[in-house]
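Inside the fold
One-letter residues, chain by chain:
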Amino acid sequence: MQIEIILNGNKVTYDVKNDEFLADTLRAHGISSVRKGCNTTCCGLCTIWIDEKPVLSCAALSIRANGKRITTMEGLQKESEEFAQVLVAEGSEQCGFCSPGFIMTVIAMKRELKNPTEEEILHYLTGNLCRCTGYMGQLRAIKKYLGVM
Amino acid sequence: MFTAKEFSQPKTIEEAYHILVSRRNNTVIGGSAFLRMSSKKIGTAIDLSKLELNEIKEQNEYIEIGAYATFRDIETSPLLRNHFNGVLPNAVKNIIGIQFRNIVTVGASVFSKYGFSDFITALLALDTEVELYKAGRMSLEDFLKRPFERDILTRVLIKKNQRQASYQHLRNSISDYPILNVAASNLDNHWILVVGARPQRAQIARKASKALSEHFSFDDLDQIAALAAEELAFGTNERGTANYRQAMCKVLVKRAITEVLQCK
Ligand SMILES: Cc1cc2nc3c(=O)[nH]c(=O)nc-3n(C[C@H](O)[C@H](O)[C@H](O)COP(=O)(O)OP(=O)(O)OC[C@H]3O[C@@H](n4cnc5c(N)ncnc54)[C@H](O)[C@@H]3O)c2cc1C
Ligand code: FES
Ligand code: FES
């Protein structure tokens, strides 16, 4: 079936299978920030936004995205660069594999929560796993980025 | 991963049901998070998103939750946060992460009667009914006892009353499956104690609920908790042994009752 979506602000049309997931569709069309880690809905690496809400693209059927707005890191370049710089400054990134999903979730949180507490930040990010950092550096960077020291 | 030959977005629930029963491998899809872990060969995947089943509404006597509402909708609903001591948002807020809860649906979670379900345990402690397209409306407790039948769960309805509730769970780590979960609620000294993830599906501890409703003082807390742990069956799986669950049941029951007693 053909789907029409607004991908990062641009209308695109893709042919998709009935059982295809967005992570695969987007990667097949060159959206390389979208990665799969676990492929079992547990790691958060494949996070994208559908109609501004963060969702796991490894579990979102492509066919159901018809008519929706899809946002990936490619569509949030300015914001993700800004946050990435804070991450680097705080020494909170190691291999960087988890970063795309992590950054998509942090920017969604910035838009959704006003002045979040540490507890709210941690809760919002429970779905994003990082196997290197131990999260403390990331938490520091998020607080700095959000101005909630 | 499942495969699907056809994909359909019916415009009416009658049409959806007709497609469901017209072939054995036709399947309703919710958020597809659980289905995607199976290798099911689906004939027609039935998407209910055109049926406006994603709302959480306040009616005169009930709070109505559509089958396509997501767990994130439950978690963030002001209506549900302000009722029953926020027990439903509390029950779902530790399931994986926000991106996951933005996908998974109420209808699939209740219809599937998962033993580990956090949501069912909390719902069962409230005055909850479910509405199925074919089988009609019934209490959640009756629904959980029925054998599986092909049907579509359309709504969950919770009696709007002053019942105060608490949800407690034990996990190896936040976002893992629960090892055990407990919900307690009280309305005018009518208590309901529920234990789930035993690992069997949630069940009301009838004797303990009755004893608690008839007479309660803080000195009885240990006895009530022991009664609940004795009357229910517990099993062993990779997350915990039956003995461990039975012991921890007492702890969670006490915590749940104590929290309810502290509700204004
Ligand atoms: C990795 C993982 C971890 C999880 N951890 C937890 C946990 O810790 N606690 C917890 O409570 N839950 C947990 N769950 C379960 C999750 O919360 C959902 O209950 C589950 O994914 C089903 O929701 P879904 O919308 O994805 O359903 P789907 O995968 O789309 O469907 C599941 C089943 O329900 C049927 N179905 C869907 N909608 C309807 C309907 N309206 N009427 C009738 N049948 C229907 C489908 O045909 C299918 O058989 C976990 C799930 C996964 C995948
Ligand atoms: S790849 Fe989607 S959650 Fe891990
Ligand atoms: S930095 Fe390596 S997984 Fe997060």
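All values derive from a computational prediction rather than experimental measurement.

What counts and what doesn't
Residues numbered from 1 in each chain as written. Chains lettered and ligands numbered in written order. Predicted model: local features only at pLDDT ≥ 70, side-chain atom pairs only at ≥ 80, totals over all residues. Heavy atoms only, no water. Helix = DSSP H or I, 4+ residues; strand = E, 2+ residues; numbered from the N terminus. Rg over C-alpha atoms; globule rule 2.2 N^0.38 Å. Contact = heavy atoms within 4.5 Å. Areas by Shrake-Rupley, 256 points an atom, 1.4 Å probe, with all protein chains shown as cover. Buried < 20%, exposed > 50% of the residue type's maximum accessible area, 1.4 Å probe, protein only. Pairing = 2+ DSSP bridges. Axes fitted to C-alpha atoms, helices over the stretch in contact; angles between N-to-C directions. Parallel < 35°, antiparallel > 145°, perpendicular 65-115°, else oblique. Left-handed = near helix turned anticlockwise from the far one by under 90°. Nonpolar A, V, L, I, M, F, W, Y, C, P; charged D, E, K, R; others polar. Buried area = accessible area lost by both parts, 1.4 Å probe. Salt bridge = Lys/Arg side-chain N within 4 Å of Asp/Glu carboxyl O. Polar contact = N/O pair within 3.5 Å; in protein donor to acceptor, adjacent residues only side chain to side chain. Lys, Arg positive; Asp, Glu negative; His and termini not counted. Phe/Tyr/Trp six-rings, centres within 6.5 Å; stacked < 30°, edge-to-face > 60°. Lys NZ or Arg CZ within 6 Å of the ring centre and 35° of its normal. Domains from an automatic or database assignment.

Take the overall build of chain B next. Along chain B, the regular secondary structure elements total eleven helices and twelve strands. Relative to the globule expectation of 18 Å for 264 residues, the C-alpha radius of gyration of chain B, 19 Å, shows essentially globular dimensions. If you line up chain B on its principal axes, its C-alpha atoms span 60 × 45 × 30 Å. Look at the contacts in chain B between residues 6 or more apart in sequence, and 61% of them connect residues 24 or more apart. For chain B, the accessible area works out to roughly 11600 Å², and carbon and sulfur atoms hold 48% of it.

To continue, consider helix α5 (residues 136–146) of chain A. All names here are of chain A. Of all eleven residues making up α5, eight are buried, and the element is well covered by its neighbours. Check the buried side of α5 and you find it contacts α2 (77–89), α3 (99–112) and α4 (118–124). Glycine 147 lies just past α5 and shows a positive phi near 70°.

This part covers the sheet that holds strand β7 (residues 136–139) of chain B. Residue and element names in this part refer to chain B. The strand order across the open sheet formed by five strands is β4-β5-β8-β6-β7, and the pairing between neighbours is antiparallel. Either end of the sheet is taken by a strand with one partner, and the two such strands are β4 (56–58) and β7. Geometrically, the sheet is characterised by an average inter-axis angle of 20° between neighbouring strands, direction not taken into account. Taken together, the five bridges between strand β6 (residues 128–132) and strand β8 (residues 153–159) define a ladder with antiparallel strand orientation. Paired with valine 130 across the strands is valine 156, a residue of β8.

Moving on: the packing of helix α10 (residues 221–231) of chain B against helix α11 (residues 242–262) of chain B. Residues and elements named next belong to chain B. As a packed pair, α10 and α11 sit with axes 8 Å apart at the nearest point and diverge in direction by 130°. By the angle between their directions, the pair α10 and α11 is classed as oblique. Handedness of the α10/α11 crossing: right-handed. Taken together, the residues of α11 that come into contact with α10 (itself represented by Leu221, Asp222, Ile224, Ala225, Ala226, Ala228, Ala229 and Glu230) are Gln246, Cys249, Lys250, Val253, Lys254, Ile257 and Thr258. The class makeup of the residues in the contact of α10 with α11 is nine nonpolar, two polar and four charged.

Let us look at the interface of chain B and chain A. Taken together, the 28 residues of chain B in the interface contact 26 residues of chain A. Summing both partners gives a buried area of about 2200 Å² for chain B against chain A, and 55% of it is carried by carbon and sulfur. Counting the surface chain B buries against chain A, the share from its top three residues, Phe7(B), Arg36(B) and Gln99(B), is 29%. Where chain B touches chain A, the interface holds two salt bridges. The residue Arg72(B) makes a salt bridge to Glu112(A) at a minimum N-O spacing of 2.6 Å. Here chain B is connected to chain A by 17 residue pairs in polar contact (both at pLDDT 80 or more).

So, about the side chain of Glu20(A). All names here are of chain A. You can see glutamate 20 is positioned in the loop between β2 (10–15) and α1 (22–28). As a buried residue without a salt bridge, glutamate 20 has its nearest oppositely charged side chain in lysine 17, at a separation of 4.8 Å. A polar contact is formed between the side chain of glutamate 20 and the backbone nitrogen of lysine 17, at a distance of 3.0 Å. At 2.6 Å, the side chain of glutamate 20 forms a polar contact with the side chain of threonine 25. What glutamate 20 contacts, discounting residues up to four positions off in sequence, is Thr25, Ala60, Leu61 and Ser62.

Here we come to the sheet that holds strand β1 (residues 2–7) of chain A. To summarise the sheet geometry, strands pair through backbone hydrogen bonds and adopt either a parallel or an antiparallel arrangement. Residue and element names in this part refer to chain A. The strand order across the open sheet formed by five strands is β2-β1-β5-β3-β4, and the pairing between neighbours is mixed. The open sheet has two free edges, formed respectively by β2 and β4 (53–56), since each of these has just one partner strand. The sheet shows a mean angle of 40° between the axes of neighbouring strands, taken without regard to direction. Two strands pair when backbone bridges link them, and β1 and strand β5 (residues 69–71) are joined in this way by two bridges, in the parallel orientation. Paired with leucine 7 across the bridge in β5 is isoleucine 70. Each of β3 (47–50), β4 and β5 is contacted by α3, which is oriented at about 40° to β3, the strand it contacts most.

Residue and element names in this part refer to chain B. According to the stated counting rule, one finds twelve aromatic pairs over all chains in the structure shown. Judged by centre distance (4.4 Å) and plane angle (45°), the ring pair of phenylalanine 34 and tyrosine 114 falls under tilted. One end of the pair, phenylalanine 34, is in the loop between β2 (27–29) and β3 (41–47); the other, tyrosine 114, is in the loop between α6 (106–111) and α7 (118–124), with 80 residues separating them in the sequence. Here the aromatic rings of phenylalanine 111 and phenylalanine 143 are separated by 6.1 Å at their centres, their planes lie at 40°, and the arrangement is tilted. A residue pair is termed long-range when its members are at least 10 positions apart, and phenylalanine 111 in helix α6 and phenylalanine 143 in helix α8 (residues 140–145) qualify at 32 residues. Like phenylalanine 143, phenylalanine 111 is buried. Joined through ring pairs, the aromatic side chains of Phe34, Tyr114, Phe116 and Tyr177 make up one cluster. Sitting over the face of the ring of phenylalanine 143, lysine 113 holds its NZ or CZ atom 4.3 Å from the ring centroid. Note that arginine 137 overlies the ring of tyrosine 62, its terminal NZ or CZ placed 4.7 Å from the centroid.

Attention now goes to the domain arrangement of chain B. According to the domain assignment, chain B consists of domain 1 (3–37), domain 2 (55–159) and domain 3 (165–262). Here domain 1 of chain B and domain 3 of chain B have C-alpha centroids that lie 36 Å from each other.

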